[in-house]
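The residues making up each chain are set out below.
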Amino acid sequence: MSMNQSNNQIIKKNLLIICRGAGDLATGIIHRLHRAGHRVIALETDYPAAIRRQVSFCEAVYDGSAAVEGVTARLVPALADAETDTETCSGINDTPAAHIVSEKWDSSAIEAVLEAGEVPLFIDPKGESIVLLKPDVVVDAIIAKKNLGTTIDMAPLVIGVGPGFTAGQDVHLVIESMRGHNLARIITDGMAQPNTGVPGNIAGFTSERVIHAPAAGYIHDVRKIGDIVQKGDEIARIYPDKESYDNALSEYVPVNATITGIIRGLIREGYYFREGFKIADIDPRESELTNCFTISDKARSIAGSVLEAVSAFEHGVKIY
């Protein structure tokens, strides 16, 4: 594989696919496409807020790399000679200082990651790299419940996952993300079902298994993903400001388990959020510990439909 250094474009052998978002659902998609032999690049925001961190490639933003079920995503920083975005790096969250504003990424670094059989990940919330790299396919799997700037002209095939997109207008295809009979259905005309705000049913529990922040502040994790907890157990503490967070004797707001079960998701230590922000997820099935560390059935279903659409596009089969 080689790169055209003059225009920063990857010379294509197989399909080049860019996925906007690298949370747990997007990770399922990226993982499936990568395993199918496609070259995939992931785009993320400066401070991703994944709950299911053990199965989210976006953790590479903080740690430099993230491995999920045998596939590794690796952070590719923007060019070091670009200027730091002081507004983005305001210190609200303590992420690496190398968050750089640039419309260019190092071609050799991208190539090295791809050649190593890994997934390059950029901090690129606006999707500026899409114009530079000219991918064959763009998948928007941010799961923001609204369109955050994806347009149908970004690539020959543009796919939107979940509500917020209209097939035939801002994307070519939409993939249904709502659990139920139509989960992962490929929509060629219209939109996915609107967000109900009610989490999927697991062992009879819906809203009560998801924990939202009772106050704004910085989180200190008392328990960890994979721990079995009883209803009412303290799983985290919220400190109102950075000074309080750094002082263990400061006052805090406790976060308690809402049901008995396994902590399947818990937001990253030290993350700052507003009141009401989703910060944890408890699975009531205590026997399902491995689920905390593997891609979910929902993510795999959606990923399968994305791969179906990509394969049809690759072989010239028109499905929209």
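Please read these numbers as outputs of a predicted model, since none were measured by experiment. (Residues numbered from 1 in each chain as written. Predicted model: local features only at pLDDT ≥ 70, side-chain atom pairs only at ≥ 80, totals over all residues. Heavy atoms only, no water.)

In this section: helix α3 (residues 107–115). Every buried residue of α3 is accounted for by Ser107, Ile110, Glu111, Val113 and Leu114. One face of α3 carries all of its buried residues, which in axial projection span an arc of 165 degrees. One or two residues past the end of α3 sits Gly117, with phi positive at roughly 80 degrees. (Buried < 20%, exposed > 50% of the residue type's maximum accessible area, 1.4 Å probe, protein only. Helix = DSSP H or I, 4+ residues; strand = E, 2+ residues; numbered from the N terminus. Arc of directions from axis to C-beta.)

With that out of the way, let us pick up the sheet that holds strand β14 (residues 228–229). Strand order in the open sheet formed by 4 strands is β12-β19-β17-β14, and the pairing between neighbours is antiparallel. Looking at which strands have only one partner, the edges of the open sheet turn out to be β12 (210–212) and β14. Strand direction decides the pairing type here: strand β17 (residues 261–266) and strand β19 (residues 278–283), joined by 4 bridges, are antiparallel. Note that in β19 the partner of Gly265 across the bridge is Asp281. (Pairing = 2+ DSSP bridges.)

A positive phi angle, close to 45 degrees, is found at Glu69, a residue other than glycine. Along the chain, Glu69 turns up in the loop between β5 (65–68) and β6 (71–75). One non-glycine residue, Ala184, adopts positive backbone phi at about 75 degrees. Mapped onto the fold, Ala184 is located in the loop between β10 (173–175) and β11 (186–187).

Looking at the element boundaries, Ala203 is found in the loop between β11 and β12. Measuring from C-alpha to C-alpha, the distance between Ala203 and Pro284 comes to 6.7 Å, with 81 residues separating the pair along the chain. For Ala203, the residues in contact, after removing those within four places along its chain, are Pro284 and Arg285. (Contact = heavy atoms within 4.5 Å.)

Attention now moves to the environment of Ile319. For Ile319, the position within the fold is in the segment after α6 (297–314). Judged by its relative accessible area of 29%, Ile319 is partly exposed. In the structure, Ile319 is positioned 131 residues away from Thr188 in sequence and 7.4 Å away in space, judged by C-alpha atoms.

For the rest of this paragraph, the subject is the nonpolar core. Among the nonpolar cores identified, the biggest contains 42 residues, and Ile29, Val139, Ile159 and Val306 are the most heavily contacted of them. By residue number, the principal contributor to this core is α6, which donates 7 residues. Apart from residues lying up to four places away in sequence, Ile29 is in contact with Val139, Ala141, Val161, Ile302, Ala303 and Val306. Judged by nonpolar contacts, the second largest core, of 24 residues, contains Ile225, Val229, Ile235 and Ile238. (Core = buried A, V, L, I, M, F, W, Y, C linked by side-chain atoms within 4.5 Å.)

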